Amino acid sequence: MKNIVILISGRGSNMEAIVRACRDEAWPARIAAVVSNRPDAAGLQFAADHGIATAVVDHRQHASREAFDAELARVIDGLAPDVVVLAGFMRILTPGFVQHYAGRLLNVHPSLLPAFPGLHTHQRAIEAGCKVAGATVHHVTPELDHGPIVIQAAVPVLPGDTPQQLAERVLALEHQIYPRAVRWAVEGTLRLHGGVVTQTEGEPQLVMAPQA
Ligand code: GAR
């Protein structure tokens, strides 16, 4: 049984999708805990309602990024994690933290990386006149929203799209690709060669929205 630790900062809809997939698909894994840097993160309630342990490491209670990351790592390591999942965890992590979890730390970002790391991705994609947008699950490196790509999903940008409309369409696909990527990590079916990730069973690492 592998241990999955999920880090959230807010709503936690990706966390919910992973919790449901782990249960419904009977992964050889358990969600060891959901950890938030915000005590008021809405997703904590969902986790508690589903009998999952929760923890809060409040970044505002720590004087530096290093001190926060050290406490976060202490809590996570106490859960013996095999896979650490950033699911809307909106903190920049120190290189030491990232290095400590190298190879077992995943993130989802709502753009087709390496385009549009950081915030306001949908607005920036619309303003750039992009015809396609999407989401990326990747291994985490010290650089923000950067690292070897595990799976991507593409959606069309429709004429007149608002950032919110586009975000909703992308989020629906995040909920498809993130559980798939976490399952691969649990199964040990991801290989990294020269910065490129392949899935050893040949499962598709690209999802296209029906309209795309
Ligand atoms: C998701 O859209 C995720 O891709 C994004 O935050 C949202 C969290 O939603 N993450 C990032 O922007 C990371 N740079 P959720 O809390 O409902 O899963």
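Summary of the structure given here. (Residues numbered from 1 in each chain as written. Predicted model: local features only at pLDDT ≥ 70, side-chain atom pairs only at ≥ 80, totals over all residues. Heavy atoms only, no water.)

Observations concerning the pattern of salt bridges
Applying the stated criterion across every chain yields a total of eight salt bridges. The partner of Arg 183 in a salt bridge is Glu 25, with the nearest N and O atoms 3.7 Å apart. Of this pair, Arg 183 sits in helix H6 (residues 163–187) while Glu 25 sits in the loop between helix H1 (13–24) and strand S2 (29–36), placing them 158 residues apart in sequence. Taking relative accessible area as the criterion, Glu 25 reaches 47% and is therefore assigned partly exposed. Via salt bridges that share partners, Glu 25, Arg 183, Glu 187 and Glu 203 belong to a single interconnected network. (Salt bridge = Lys/Arg side-chain N within 4 Å of Asp/Glu carboxyl O. Helix = DSSP H or I, 4+ residues; strand = E, 2+ residues; numbered from the N terminus. Buried < 20%, exposed > 50% of the residue type's maximum accessible area, 1.4 Å probe, protein only.)

A few points about the layout of surface pockets
Of the volumes computed, that of the largest pocket is approximately 1,000 Å³. Along the wall of the largest pocket there are 38 residues; nearest its centre are Gly 88, Met 90, His 109, Pro 110 and Leu 119. At the level of elements, H1, strand S5 (105–109), helix H5 (121–127) and H6 are the ones that each hand at least two residues to the lining of the largest pocket. The class makeup of the residues in the lining of the largest pocket is 16 nonpolar, 15 polar and seven charged. There is about 290 Å³ of room inside the second largest pocket. (1 Å grid on protein atoms, 1.4 Å probe; cavity = no way out; pocket = protein on both sides within 12 Å on 5 of 7 lines; lining within 4 Å. Points joined across faces, edges and corners; volume = space filled by probe spheres on them. Nonpolar A, V, L, I, M, F, W, Y, C, P; charged D, E, K, R; others polar.)

Description of the site of the ligand
Around the ligand, the structure places Arg 11, Gly 12, Ser 13, Asn 14, Gly 88, Met 90, Val 108, His 109, Pro 110, Asp 145, Leu 171 and Glu 174. One of the side-chain nitrogen or oxygen atoms of Ser 13 is found 2.5 Å away from an oxygen atom of the ligand. Asp 145 is positioned with one of its side-chain polar atoms (N or O) 2.9 Å from a nitrogen atom of the ligand. Most atoms of the ligand, that is more than half of them, are within 2 Å of grid points of the largest pocket. Only H1, S5 and H6 provide two or more residues apiece to the shell around the ligand. Among the residues making up the shell around the ligand, the classes are represented as four nonpolar, five polar and three charged. (Near = heavy atom within 4 Å. Polar contact = N/O pair within 3.5 Å; in protein donor to acceptor, adjacent residues only side chain to side chain. Sits in = over half its atoms within 2 Å of the grid points.)

Looking at the sheet that holds strand S6 (residues 132–139)
With mixed pairing, the eight strands of this open sheet are ordered in space as S3-S2-S1-S4-S5-S6-S7-S10. Because the sheet does not close on itself, it has two edges, and the strands there are strand S3 (54–56) and strand S10 (206–208). Sheet twist, expressed as the mean angle between neighbouring strand axes with direction ignored, is 20°. Of the pairings in the sheet, the one linking S5 to S6 comprises four bridges and is antiparallel in character. The partner of Asn 107 across the bridge, within S6, is His 138. (Pairing = 2+ DSSP bridges. Axes fitted to C-alpha atoms, helices over the stretch in contact; angles between N-to-C directions.)

So, the nonpolar core
Counting 43 residues, the largest nonpolar core has Ile 6 and Tyr 178 as the members making the most contacts within it. For this core, the element with the highest residue contribution is H6, accounting for nine residues. If near-sequence neighbours (up to four positions away) are discounted, Tyr 178 is found in contact with Asn 14, Ile 18, Val 85, Leu 86, Ala 87, Leu 106, Asn 107, Val 108 and Val 137. Residues Leu 7, Val 57, Leu 72 and Ala 73 belong to the second largest nonpolar core, which totals 20 residues. (Core = buried A, V, L, I, M, F, W, Y, C linked by side-chain atoms within 4.5 Å. Contact = heavy atoms within 4.5 Å.)

Section: H1
Taking 1.5 Å of rise per residue, twelve residues should cover 16 Å, and H1 covers 16 Å from first to last C-alpha, within 8% of that figure. Contacts made by the buried residues of H1 are with strand S1 (2–8), S2, helix H2 (43–49), strand S4 (83–86), S5 and H6. One or two steps after H1, the chain reaches Ala 26, where phi turns positive at roughly 50°. (Expected span 1.5 Å × (residues − 1).)

Some points on the pairing of S5
Of all the five residues making up S5, five are buried; the element is thus mostly covered by neighbouring parts of the structure. Both faces of S5 are covered, namely the face carrying Leu 105, Asn 107 and His 109 and the face carrying Leu 106 and Val 108. For S4 and S5, the ladder comprises three bridges, and the chain directions are parallel. Residue pairing for S5: Leu 86 is matched across the bridge by Asn 107. Between the parallel elements S4 and S5, the chain passes through helix H4 (residues 95–100) in a crossover that is right-handed. (Right-handed = clockwise from strand over helix to strand, strands pointing away.)

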